[in-house]
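Residues per chain, in single letters:
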Amino acid sequence: MVEQAKSLLTKIKQENPLILNLTNSVTVDFVANGLLSLGASPVMSHAEEEMEDLISIARAVVINLGTLDERFIKLCALACKTANRLSIPLILDPVGVGASQYRTNTSLQFITDFNISIVRGNASEMMALAGSAGKTKGVDSTADSTQAIASAHYLAKNYGVTVAISGQTDVIVDHQQTVQLERGSPMMPKVTGTGCLLSAVVGAFHAIEADRFTAAAAATWFYGICGETAAENAAGPGSFRTAFLDALYTVVP
């Protein structure tokens, strides 16, 4: 894992892949700055008129459903359709699935109708997507990530996606493999946007590495290391946010 992450990180910094983000309004600044710190090139858009142009030059497209409405859903569907046609990998962050039927139905529609490469979320979101009894508290998980492994396998088998579950233990699952990663810091959930940024970082790694499982696992492992490094230099959530961006820029596995 160390050598894989190091190699992919080096390639990201060398190739500076363009990552298109259709993301929520709460965390857009953090996601953009995080990708820049990593070495990728972020572009954020909510304009239907430029989707074709942007996706044609992007190396990955990240869909984040944190703040959704009918216009945004229509835009994301157009982006997914275009990305599939152009063979650009799609990463879906189904924020808050299980908190409302609207979010759950929208996310299920995307993984049913389009070829999504990686779904990244917390345990409750994955359990809700799989039809389990998992409940969310807003956008926060009420379940441990290891409780969602069966749900992740169900999603991988039935929808052909790789699943990345974030939590105290991060779990990466596809139809053949499962890996559990024990990295990160308890400070990470205290900062809004760390999950959103992880989805974008997974997109950056997948832009470089075609194998979805390898990309998701390496990105998640590296992200955890950055969280640990940032926590060593932070007094609280505010300084942790800054230290985390610095870690994405400086950490070499």
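This text follows the structure it describes.
The text that follows walks through the structure, step by step, so that each part is easy to find. (Residues numbered from 1 in each chain as written. Predicted model: local features only at pLDDT ≥ 70, side-chain atom pairs only at ≥ 80, totals over all residues. Heavy atoms only, no water.)

This brings us to the overall build of the protein. Along its length, the protein carries ten helices and ten strands. For 253 residues, the compact-globule estimate of 2.2 N^0.38 gives 18 Å, and the C-alpha radius of gyration of the protein, at 16 Å, lies within 12% of that figure. C-alpha atoms of the protein, sized along the principal axes, occupy 40 × 40 × 35 Å. When the 253 residues of the protein are sorted by exposure, 57% land in the buried category. The long-range fraction of contacts in the protein, counting pairs at least 24 apart against all pairs at least 6 apart in sequence, stands at 68%. Carbon and sulfur atoms make up 49% of the accessible area of the protein, which totals about 10500 Å². (Helix = DSSP H or I, 4+ residues; strand = E, 2+ residues; numbered from the N terminus. Rg over C-alpha atoms; globule rule 2.2 N^0.38 Å. Buried < 20%, exposed > 50% of the residue type's maximum accessible area, 1.4 Å probe, protein only. Contact = heavy atoms within 4.5 Å. Areas by Shrake-Rupley, 256 points an atom, 1.4 Å probe, with all protein chains shown as cover.)

Let's shift gears to the packing of helix 2 (residues 28–38) against helix 10 (residues 237–250). The contact between helix 2 and helix 10 brings their axes to 7 Å, and the two run at 30°. By the criterion of interaxial angle, the relationship of helix 2 to helix 10 is roughly parallel. Considering how the two elements wind past one another, helix 2 and helix 10 form a crossing that is right-handed. Residues D29, F30, N33, G34, S37 and L38 of helix 2 touch helix 10, and the partners they reach there are R241, F244, L245, L248 and Y249. For the contact of helix 2 with helix 10, the class distribution of residues is six nonpolar, three polar and two charged. (Axes fitted to C-alpha atoms, helices over the stretch in contact; angles between N-to-C directions. Parallel < 35°, antiparallel > 145°, perpendicular 65-115°, else oblique. Left-handed = near helix turned anticlockwise from the far one by under 90°. Nonpolar A, V, L, I, M, F, W, Y, C, P; charged D, E, K, R; others polar.)

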